[in-house]
Structures are given as structure tokens and as C-alpha cells.
Amino acid sequence: MKSFGSKAWILPQPVLIIGTYNENGVANAMNAAWGGQWDMHEIIISMGSHQTTDNLKLNNGEFTVAFATVETATAADFVGIVSAKNNPEKMAKTGWKSEKAPNVNAPVFDVFPMTLECRIKEKIDESETGYYLVAEIVNILCKEEYLAEDGKPSVEKMNLITFDPVHMGYIQLGKRVGNAFADGKKLK
């Protein structure tokens, strides 16, 4: 085996789009790759110092998290490399429309199949360069066309992408290959 030392190469890494409002109530989005499920009803995201972190202070820590897709990849990358601090009109270039989330003071963007409504519970290691945020999942919204026959969200229908930190790219997640908590029973 070839050794690479310590790298940020946990795979897969979701491409998270964090939605907030600025002081004027204008929707903003940023791309964050370093996040995941923290507990049954909580997520964790590594946050640097961004317009989004400023917006979170204004909105009592309320925000949304959507999952980037093949169809949204270019604009999702754009909101990660362009800051609203330097380009306050950045959202117009994405073409995304938004409406206020039903349960938190944050935008829900029209182009994403599924969105989490979240509220910060805790900030860990907060400094001038950022923090880790632990957030409660208040609600999950999913467009009807992305529901499976059982009425729950169908991950396979969403065309979700993952961040490839090794080669700095995006990869489409694939098809279902097994059944969790079931297939392993074959080896008992």
C-alpha cells in the first residue's frame, strides 16, 4: 500500500448548501463539504469565517441545508468560491429562487430535492477563523417527485453528488447495492 500521510479524505463527503438571510433579509448560500450526521436529530458542520457565519448571528442560528445534485453542481460550486462579502449579488448568478422555510428563518432554494431546516445548538472551538456547529434538525422538506413508493425520500432519484477531496472534483452517487441491517445477516 502507498502511504499519503494525514489528509482530509473521508469519503464520501456530502456537498452541503447552507442557506441563510443577511441583515436585509436577502437569501445567501454557501457550499460546505465538511459536515455530517452528529446524532439522531443533529448535524455537525465545520464553518470558517464567512458571510454565512455573520448571517447565523443575525438569525438566531437558524439556517437550511440542501444537498447538491448533478443538476446544481456548477452553481453549488460557485456559491462555495464566491463570497457575498465581496459580491453581494452572487445569488442572482445561480438562478435559484427561494422562499422562507416554514419552521426556521432561512431560505429554501427551489432547485434542491431535499432541504433540512436547522437551528444551532452549540458552537465548538469558536475563534475568529470559525467554529464547528452542532445543529438540531427541526424539519426535513422533500419535493414530492423525489419520494419513493413508501412516501419517504428516494436518495436514488435525487442525483446527489459527493465532493472528491483527493482530485478536487464532484462525483455522482450511484445506485442502491444492498440492504442495511439485513444483508449482513446472511453471514450469521
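Please refer to the structure placed before this passage.
The structure contained in this document is the topic of the report that follows. (Residues numbered from 1 in each chain as written. Predicted model: local features only at pLDDT ≥ 70, side-chain atom pairs only at ≥ 80, totals over all residues. Heavy atoms only, no water.)

### Considering the side chain of Thr-20
Using the following cut-off: Each helix corresponds to a stretch of at least 4 residues labelled H or I by DSSP, and each strand to a stretch of at least 2 residues labelled E; elements are numbered beginning at the N terminus. In protein, a polar contact means a hydrogen-donor-capable atom and an acceptor-capable atom, both N or O and within 3.5 Å, with residues adjacent in sequence counting only if both atoms are side-chain atoms; elsewhere, any N or O pair within 3.5 Å suffices. Contacts: residue pairs with any heavy atoms within 4.5 Å of one another.
Mapped onto the fold, Thr-20 is located in strand 2 (residues 16-21). In this structure the side chain of Thr-20 is engaged in a polar contact, spanning 2.9 Å, whose partner is the side chain of Asn-55. Those residues in contact with Thr-20, other than ones at most four positions away along the chain, are Val-26, Ala-27, Asn-28, Thr-52, Asn-55, Leu-56, Glu-62, Phe-63 and Pro-107.

### Remarks on the packing of aromatic side chains
Put simply, the rule is: Aromatic pairs are defined between Phe, Tyr and Trp rings, using the six-membered ring for Trp, whenever the two ring centres lie within 6.5 Å; interplanar angles under 30 degrees are classed as stacked, those over 60 as edge-to-face, and all others as tilted. Buried means the residue's accessible area, taken with a 1.4 Å probe over protein chains only, is under 20% of the maximum for its type, while exposed means over 50%, and partly exposed covers the values in between.
Under the criterion given, the structure shown has 4 aromatic pairs. Look at Trp-96 and Phe-109: their rings are 5.4 Å apart centre to centre, the planes differ by 55 degrees, and that puts the pair in the tilted class. Of this pair, Trp-96 sits in the loop between helix 3 (90-94) and strand 7 (98-100) while Phe-109 sits in strand 8 (residues 107-109), and the two are 13 residues apart along the sequence. You can call Phe-109 buried: its relative accessible area is 4%.

### Remarks on unusual backbone geometry
Between Leu-11 and Pro-12 the backbone carries a cis peptide bond, its omega angle lying at -10 degrees. Phi at Asp-125 takes a positive value of approximately 55 degrees, unusual for a residue other than glycine. Looking at where Asp-125 falls in the secondary structure, it is placed in strand 9 (residues 114-127). With relative accessibility at 61%, the residue Asp-125 sits in the exposed group. With a phi close to 65 degrees, Phe-181 is a non-glycine residue in the positive phi region. Looking at where Phe-181 falls in the secondary structure, it is placed in the segment after strand 12 (169-172). We classify Phe-181 as exposed; its relative accessible area is 82%.

### Quick word on helix 2 (residues 73-81)
Every buried residue belonging to helix 2 is among Ala-73, Ala-75, Ala-76, Phe-78 and Val-79, and all of these are buried. In this structure, the buried side of helix 2 is in contact with strand 2, strand 3 (27-32), helix 3 and strand 11 (161-164).

### Structural notes on the sheet that holds strand 11
Going by this rule: Any two strands with at least two DSSP-identified bridges between them are counted as paired.
Spatial ordering of the open sheet is given by 1-11-12, a layout of 3 strands whose pairing is antiparallel. Here the strands that pair on one side only, and so sit at the sheet edges, are strand 1 (13-14) and strand 12. Note: strand 1 against strand 11, 2 bridges, orientation antiparallel. Counted as the bridge partner of Gln-13 is Phe-163 from strand 11.

### Brief notes about the pairing of strand 2
Burial analysis of strand 2 places 6 of its 6 residues in the buried class, which makes it a mostly covered element. Residues of strand 2 alternate between two faces, with Leu-16, Ile-18 and Thr-20 on one and Ile-17, Gly-19 and Tyr-21 on the opposite face, all of them buried. Pairing analysis gives 6 bridges linking strand 2 to strand 3, with the strands arranged antiparallel. Opposite Thr-20, over in strand 3, you have Asn-28 as the bridge partner. Remark: 5 residues form the turn of the hairpin made by strand 2 and strand 3, two consecutive strands paired antiparallel; Gly-25 in that turn has positive phi of roughly 80 degrees. Pairing analysis gives 4 bridges linking strand 2 to strand 6 (residues 62-67), with the strands arranged antiparallel. Following the sheet pairing, Leu-16 is matched in strand 6 by Phe-67.

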